[in-house]
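Structure assessment
Given next are the chains, with one letter for each unit.
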Amino acid sequence: MAKLFKYSLTSTITFILVIIIFFVPILANGNIDFSNTISNQDKEFIDNNSSKIFSWPTPGYTTITCNFGYRKAPTQGASTYHGAIDIGAPTDSKIIATFSGKIVYTGFYGANGFTIMLQNSNVVAVYSHLSPDFIVREGEYVLKNQVIGKVGPKNVYGVPNNKYKDSNGNPTNGATTGPHLHFAIKIDNVAVNPLDYV
Ligand SMILES: [Zn+2]
C-alpha cells in the first residue's frame, strides 16, 4: 500500500512537472492561437483582461463632453485634472459593466456624487454622478455588459454632508453641472485614458 502511494505520488509530481515545463513557455510566448484549445470561460477572462476590448459604458450615448487630461474646472469643486471621460447622457440612461468583475463600492463619493466601482484584478472602473437607485450591491459579481446602474439627476437631496450645490443653492450629485456619466479606469490605482480601453 505504502509502495503504491509512493508510486502514485511520484507519477503525480512527474505529471505536474511535465505540464509546467511544457506549457509555461507556450503561455509566456503569447503568440499561440488559443481559439481551439481554451474554454469559453478562459476566453472571456482573456478578453476581459486585454486592452481595447472593454464595453462602452453607456449604450446608445457616445458623445464625449469632457476628455481625459488637464482642463479648466467647469464648476467649483471639480478638479482641473480630469482623470476620466465625461459622456453626455440623460438621467436614467442605462450604464453597463465594461468588463466582468466585482462591485467594490456603491455610495456617495464626494465630488463624484453617487458612484459605483467595479474591479477585475488590478483594473477598476469608476462610474460617477449616478442615480442613487443602484441596481447592484457591494460585493456582487457582475458579467460584462450587465446593466449595473443609471445616469443620475443633477440635483440630489438628503445626502448627509453633501457640500456640492448649484448656483441656486440646490444640492448636486457631486461636482456636476448636469446629467452625464463621469467614467474612469484605474490600473494599479493610476487613472488611464478610458478611450485606450473601450
Ligand atoms: Zn468628469
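Above this text is the structure in question.
Residues numbered from 1 in each chain as written. Predicted model: local features only at pLDDT ≥ 70, side-chain atom pairs only at ≥ 80, totals over all residues. Heavy atoms only, no water.

1. Considering the layout of surface pockets
To locate leftover empty space, one rolls a probe as large as a water molecule over the atoms. What counts is decided by this rule: Lining residues are those with an atom within 4 Å of a point, where the points come from a 1 Å grid over the protein atoms alone and group into cavities, where a 1.4 Å probe fits but cannot get out, or pockets, open sets with protein on both sides within 12 Å along at least five of seven lines. Grid points are joined across faces, edges and corners, and a volume is the space filled by probe spheres set on the points. The helix count covers DSSP runs of H or I at least four residues long, the strand count covers runs of E at least two residues long, and both are numbered beginning at the N terminus. Residues are grouped as follows: Ala, Val, Leu, Ile, Met, Phe, Trp, Tyr, Cys and Pro are nonpolar; Asp, Glu, Lys and Arg are charged; every other residue, Gly included, is polar.
Within this model, the largest pocket holds a volume of roughly 590 Å³. Arg 71, His 82, Asn 112, His 129 and His 182 are the residues nearest the centre of the largest pocket, which is lined by 33 residues in total. Ranked by residue count, the leading element in the lining of the largest pocket is strand β11 (residues 180-187), at five residues. Residues of the lining of the largest pocket, tallied by class, amount to 13 nonpolar, 16 polar and four charged.

2. Concerning the coordination of the zinc ion
Cut-off, in case you're wondering: For Na, K and Ca the donor cut-off is 3.2 Å, and for all other metals it is 2.8 Å, counting N, O and S atoms only; because water is absent from this set, sites may look incomplete. The buried label goes to any residue with under 20% of its type's maximum accessible area, the exposed label to any with over 50%, and the partly exposed label to all in between, with areas taken from a 1.4 Å probe on protein chains only.
Surrounding the zinc ion are the protein donor atoms His 82 (NE2), Asp 86 (OD) and His 182 (ND1), at 2.0 to 2.1 Å. Sequence spacing among the residues donating to the zinc ion works out to H-x3-D-x95-H. By relative accessible area, which is 1% here, His 82 ends up buried. Overall, the relative accessible area of 7% leaves Asp 86 in the buried class.

3. What to know about the pattern of salt bridges
Opposite charge on two side chains permits pairing when their charged atoms draw close. Condition: What makes a salt bridge here is a side-chain nitrogen of Lys or Arg within 4 Å of a carboxyl oxygen of Asp or Glu, nothing more.
Taken as a whole and judged by the stated rule, the model has three salt bridges. Across the pair Lys 150 and Asp 133 runs a salt bridge, and its minimum N-O distance is 3.4 Å. Here Lys 150 is found in strand β10 (residues 147-150), whereas its partner Asp 133 is found in the loop between β8 (123-128) and β9 (141-142), with 17 residues between them in sequence. Relative accessible area serves as the criterion here: at 22%, Lys 150 is assigned to the partly exposed category.

4. Things to note about the nonpolar core
Just so we agree on the cut-off: For this analysis, a nonpolar core means a set of buried residues of the types Ala, Val, Leu, Ile, Met, Phe, Trp, Tyr and Cys, connected via side-chain atoms within 4.5 Å.
The biggest cluster of nonpolar side chains holds 26 residues, and the ones touching the most others in it are Leu 118, Tyr 127, Ile 148 and Leu 181. Where this core is concerned, the elements lending two or more residues are β4 (85-88), β7 (114-120), β8 and β11. Core analysis: the next-biggest nonpolar cluster, separate from the first, contains five residues, Ala 84, Met 117, Val 124 and Ala 184 among them.

5. A short note on the pairing of β4
Applied cut-off: The pairing criterion for strands is at least two bridges between them, as found by DSSP.
The pairing of strand β1 (residues 64-66) with β4 spans two bridges and is antiparallel. Bridge pairing in β4 links Cys 66 to Asp 86. Bridge count between β4 and β11: four bridges; the pairing is antiparallel. The residue of β11 that forms the bridge with Gly 88 is His 180.

6. With respect to the packing of aromatic side chains
This is how the line gets drawn: Pairing of aromatic side chains requires ring centres within 6.5 Å, counting the rings of Phe and Tyr and the six-membered ring of Trp. Pairs whose planes differ by under 30 degrees are stacked, by over 60 edge-to-face, and all others tilted.
Using the criterion set out here, one finds eight aromatic pairs in the structure. On the basis of an interplanar angle of 65° and a centroid distance of 5.2 Å, the ring pair of Tyr 105 and Tyr 109 is categorised as edge-to-face. A residue is classified by how much of its surface remains accessible, and Tyr 109, at 42% relative accessible area, is partly exposed. These aromatic residues form a ring-pair network of at least three members: Phe 54, Phe 99 and Tyr 197.

7. Quick notes on the side chain of Asn 112
Our working definition: Two N or O atoms count as a polar contact when they lie within 3.5 Å, although within protein this holds only if one can serve as hydrogen donor and the other as acceptor, and sequence-adjacent residues are included solely when both atoms are side-chain atoms.
Position of Asn 112 relative to the elements: it lies in the loop between β6 (101-108) and β7. At 2.9 Å, the side chain of Asn 112 and the side chain of Ser 128 are in polar contact.

8. Brief notes about unusual backbone geometry
Of note in the backbone geometry, Asp 92 takes a positive phi value of approximately 80° without being a glycine. Tracing the chain through its elements places Asp 92 in the loop between β4 and β5 (94-96). Overall, Asp 92 belongs to the partly exposed group, its relative accessible area being 47%. Positioned with a positive phi, Asn 161 is a non-glycine residue whose angle comes to about 60°. Among the structural elements, Asn 161 can be located in the loop between β10 and β11. Taking the relative accessible area as the measure of exposure, Asn 161 reaches 79% and is therefore exposed.

9. Regarding the pairing of β6
In terms of strand pairing, β6 meets β9 through two bridges, oriented antiparallel. What sits directly across from Gly 101, in β9, is Val 142. Pairing between β6 and β7: six bridges, direction antiparallel. Note that in β7 the partner of Gly 107 across the bridge is Thr 115. Joining the antiparallel neighbours β6 and β7 is a turn of five residues, in which Gly 110 adopts a positive phi near 55°.

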